[in-house]
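Residue-level listing of the chains:
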Amino acid sequence: MKIDLTNTTSSKINAALMEARRASGSTAAGMVLTLVIVTDEGSAYDALKAANDASREHPSRTLAVIKRAGRSPRARAETRLDAEILVGSDAGSGETVILRMHGELAAHAQSVVLPLLLPDAPVVVWWPDNAPLHPAQDPLGSIAQRRITDAVTAESPVGQLAQRAQSYTPGDTDLAWTRITGWRSMLAAALDQRPSQLTSAVVEGESYNPSVELLGLWLHNRLHVPVERVVTGGPGITAVHLRTKDGDITLDRPDGLMGTLSMPGSPDRQVALKRRETAELIAEELRRLDPDDIYATAVRTPVDRLREPDGAETAAAERAARAQVADAVVAEPARVTVKVPTEALAEAAGEAATAHEEPKAGGTSTVGKAVTGKATVGKAVTGKAATGKAAAKKAPAKKPAKRAPKGSA
């Protein structure tokens with residue numbers, strides 16, 4: 001059932017909800033919480049779909065707050081509330097009310113939401129994107145027991161973790177933390193099966209993924225060992241290595257579907273580590289409404305506690321130099337000169353000195369400008385021998401020395 005209300009009020013929305021419940025044959029509400037979603041028109045569809053799927057496990061009243069402040073002065077001056085009520089199969093196992101607030105009303109969303117909350121039921125506020133800097137101080141966040149954000153949608157996902165640590169209040173959580181629940185469970189079970197003295201850990205995952213940082217910070221806090229952060233192509237978290245004296249305990253998931261758990265002295269095992277949908281993440285967060293102390297400890301740990309592998313900067317410089325050489329070869333195959341890092345230069349000069357042989361008749365063997373800090377790459381880069389008139393020409397014959405005049409010493 002779908003009911004549209006234009007230029008309405010909260011009391012009219014409540015009356016329409018009760019009438020729709022009676023029409024469907026259900027006199028009791030039968031819902032366990034109120035889920036408030038603060039979003040925009042672009043993200044409203046996906047957020048509502050995830051909330052409706054999660055309501056099959058947690059029957060709830062979902063209030064979607066869509067703020068339309070208006071761009072022109074005339075639009076901002078107009079105050080209006082439009083509502084769309086979904087009941088029955090269109091709203092999962094609960095009730096859904098989409099609230100579109102126009103004009104100045106968008107700045108006072110809590111005045112519209114408060115009369116629509118279920119009595120004596122917990123309140124959860126979820127920001128799919130554009131979360132406030134201090135969720136607990138937000139007018140809507142202040143009325144909720146749990147506040148859910150998602151650092152992945154921020155402009156700087158890793159930097160968003162620092163903001164979440166600064167503004168943390170008991171009841172805050174982030175979906176970036178929820179995404180690593182499977183990883184934390186598998187790693188904890190692996191250490192329970194084989195207690196070992198850990199020396200270090202390595203977390204591998206794609207860049208700009210706050211879940212990778214949170215997993216590394218969690219390992220650092222719980223195991224008290226140094227943790228390295230390695231950037232890979234993803235998807236998501238790709239592997240975790242726990243270094244022990246007996247060998248590595250490795251949980252590898254290269255494809256985002258199935259993981260492989262490898263332990264010293266045991267055969268490899270396949271484990272389910274599929275990347276979950278947003279509906280599953282929301283359903284997990286709605287299972288517990290008390291503060292998550294483990295998340296608080298992890299997010300409050302500075303991200304700089306994670307260290308990069310030794311030689312990461314040098315390797316990055318060498319990769320950049322090789323890429324520059326390859327691009328230049330494509331542009332001008334005949335001759336390419338590019339600067340290379342000092343360490344790579346020394347290695348190349350050592351290899352050239354080892355492979356140097358006495359030049360044969362009619363040929364030349366030179367190191368070129370490598371000694372001066374530049375590497376000269378000719379057509380030999382493409383795997384073909386350099387040919388041409390310049391290579392075919394022989395050195396000019398020396399002219400015989402003039403004979404000294406008679407009578408000279």
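Heads up: the structure comes first, above all this text.
The structure contained in this document is the topic of the report that follows. As the structure is a computational prediction, the values presented were derived from the model and not from experiment.

Quick notes on the rules
- By convention here, each chain's residues receive numbers from 1 onward along its written sequence.
- Selection of residues for local features in this predicted model requires a pLDDT of at least 70, selection of side-chain atom pairs for listing and counting requires 80 or more, and totals for whole chains, interfaces and linings are taken over all residues.
- Computation of side-chain values: all heavy atoms of the structure, hydrogens and water removed.
- Buriedness for pockets is judged along seven lines, at least five of which must meet protein on both sides within 12 Å for an open set on the 1 Å grid over protein atoms alone, while cavities are sets there where a 1.4 Å probe fits but cannot get out, and lining residues have an atom within 4 Å of a point.
- Grid points are joined across faces, edges and corners, and a volume is the space filled by probe spheres set on the points.
- Each helix is a run of H or I in the DSSP string that is no shorter than four residues. Each strand is a run of E no shorter than two, and both are numbered from the N terminus.
- Think of it as three bins: nonpolar holds Ala, Val, Leu, Ile, Met, Phe, Trp, Tyr, Cys and Pro, charged holds Asp, Glu, Lys and Arg, and polar takes everything else, Gly as well.
- Between any two strands, at least two bridges found by DSSP are needed for them to pair.
- To obtain each axis, a line is fitted to C-alpha atoms, and for helices this fit is confined to the stretch in contact; angles are then taken between N-to-C directions over 0 to 180 degrees.
- The criterion used for residue contact is that any of the two residues' heavy atoms lie within 4.5 Å.
- Nine residue types can take part in a nonpolar core, namely buried Ala, Val, Leu, Ile, Met, Phe, Trp, Tyr and Cys, and a core is a set of them joined through side-chain atoms within 4.5 Å.
- Whether a residue is buried, partly exposed or exposed follows from its accessible area with a 1.4 Å probe, protein chains only, as a fraction of its type maximum: under 20%, in between, or over 50%, in that order.
- Pairing of N or O atoms within 3.5 Å defines a polar contact, subject to two protein rules: one partner must be a possible hydrogen donor and the other a possible acceptor, and residues neighboring in sequence count only if both atoms are side-chain atoms.
- In the sections that follow, a salt bridge refers to a side-chain nitrogen of Lys or Arg positioned within 4 Å of a carboxyl oxygen of Asp or Glu.
- Paired rings are identified among Phe, Tyr and Trp, the last through its six-membered ring, by centres lying within 6.5 Å, and are further divided according to the angle between planes into stacked (under 30 degrees), edge-to-face (over 60) and tilted (the rest).
- Cation placement over rings: the criterion is NZ of Lys or CZ of Arg within 6 Å of the ring centroid and within 35° of the ring normal.

### Thoughts on the layout of surface pockets
Reasoning step 1: Looking at the second largest pocket, its volume works out to about 440 Å³.
Reasoning step 2: Arg179, Arg253, Arg275, Arg276 and Leu281 are, among the 22 residues lining the second largest pocket, the residues nearest its centre.
Reasoning step 3: Residue assignment for the lining of the second largest pocket shows that the elements contributing at least two residues are α7 (181-193) and α9 (278-285).
Reasoning step 4: Considering every element that reaches the lining of the second largest pocket, the biggest residue donor is α7, with 3 residues.
Reasoning step 5: A class-by-class count of the residues in the lining of the second largest pocket yields 9 nonpolar, 5 polar and 8 charged.

### Points about the sheet that holds strand β14 (residues 269-272)
Note on sheets: strands pair through backbone hydrogen bonds, and any given pair is parallel or antiparallel.
Reasoning step 1: Spatially, 6 strands are ordered β10-β9-β11-β12-β13-β14 in an open sheet, and the strand pairing comes out mixed. Looking at strand neighbours, the two that pair on one side only are β10 (227-232) and β14, the edges of this open sheet. The sheet shows a mean angle of 20 degrees between the axes of neighbouring strands, taken without regard to direction.
Reasoning step 2: Bridging between strand β12 (residues 247-252) and strand β13 (residues 258-262) involves 3 bridges; their strand directions are antiparallel. Looking at the pairing, Asp252 lines up with Thr260 of β13.
Reasoning step 3: On the sheet, α7 packs against β9 (198-206), β11 (237-244), β12, β13 and β14 and is oriented at approximately 25 degrees with respect to β11.
Reasoning step 4: The sheet contacts of helix α8 (residues 210-223) involve β9, β10 and β11, and relative to β9 the element is tilted by about 170 degrees.

### Re the side chain of Ser60
Reasoning step 1: Take Ser60: it is sitting in strand β3 (residues 60-68).
Reasoning step 2: In this view, Ser60 contacts Met31, Leu33, Leu35, Ser55, Gly94 and Glu95; residues no more than four positions away in its chain are not counted.

### Focus on empty space enclosed by the protein
Reasoning step 1: Within this structure, the stated rule accounts for 2 cavities of 30 Å³ or more.
Reasoning step 2: Looking at the largest cavity, its volume works out to about 50 Å³.
Reasoning step 3: Around the largest cavity, the lining residues are Pro135, Arg147, Thr149, Arg164, Tyr168, Asp172, Thr173 and Tyr295.
Reasoning step 4: For the lining of the largest cavity, the secondary structure elements donating two or more residues are β7 (146-149) and β8 (172-174).
Reasoning step 5: By residue class, the composition of the lining of the largest cavity is 3 nonpolar, 2 polar and 3 charged.
Reasoning step 6: Of the volumes computed, that of the second largest cavity is approximately 30 Å³.

### Some remarks on the nonpolar core
Reasoning step 1: The biggest cluster of nonpolar side chains holds 35 residues, and the ones touching the most others in it are Leu187, Leu215, Leu219, Val240 and Leu242.
Reasoning step 2: For this core, the elements supplying multiple residues, two or more each, are α6 (175-178), α7, β9, α8, β11, β12 and α10 (293-299).
Reasoning step 3: Setting aside its immediate chain neighbours within four residues, Leu215 contacts Ile180, Trp183, Arg184, Leu187, Val203, Ile237 and Val240.
Reasoning step 4: One finds Leu63, Ile85, Val87 and Trp127 within the second-largest nonpolar core, a separate group that totals 26 residues.

### Regarding the environment of Asp129
Reasoning step 1: By the element assignment, Asp129 lies in the loop between β6 (123-126) and β7.
Reasoning step 2: Exposure remark for Asp129: the relative accessible area of 15% places this residue in the buried category.
Reasoning step 3: The spatial distance from the C-alpha of Asp129 to the C-alpha of Ser43 is 8.0 Å, given a sequence separation of 86 residues.
Reasoning step 4: If we ignore the near neighbours within four places in the chain, the residues touching Asp129 are Val38, Thr39, Asp40, Ser43 and Thr153.
Reasoning step 5: One polar contact links Asp129 to Ser43, side chain to side chain, over a distance of 2.7 Å.

### A closer look at the pattern of salt bridges
Pairing is possible between side chains that carry opposite charge, provided their charged atoms lie close to one another.
Reasoning step 1: Using the criterion set out here, one finds 19 salt bridges in the structure.
Reasoning step 2: One salt bridge in this structure joins Asp246 and Arg194, with 3.9 Å as the shortest N-O distance. One end of the pair, Asp246, is in the loop between β11 and β12; the other, Arg194, is in the loop between α7 and β9, and 52 residues separate them in sequence.
Reasoning step 3: By relative accessible area, Asp246 is classed as exposed at 56%.
Reasoning step 4: Salt-bridge contacts for Arg276 lead to Glu284; the nearest nitrogen and oxygen are separated by 2.7 Å.
Reasoning step 5: A network of salt bridges, in which partner residues are shared, links Lys2, Glu41, Arg68, Glu84 and Arg100.

### Considering the packing of aromatic side chains
Reasoning step 1: Applying the stated criterion across every chain, the model contains 2 aromatic pairs.
Reasoning step 2: With centroids separated by 5.8 Å and ring planes inclined at 55 degrees, the aromatic side chains of Trp177 and Tyr295 adopt a geometry described as tilted. Of this pair, Trp177 sits in helix α6 while Tyr295 is found in helix α10, placing the two residues 118 residues apart along the sequence. Each of the two residues, Trp177 as well as Tyr295, counts as buried.
Reasoning step 3: Directly above the ring of Trp218 sits Arg184, whose terminal nitrogen or CZ lies 5.9 Å from the centroid.

None of the figures reported here should be taken as evidence of function without further support.
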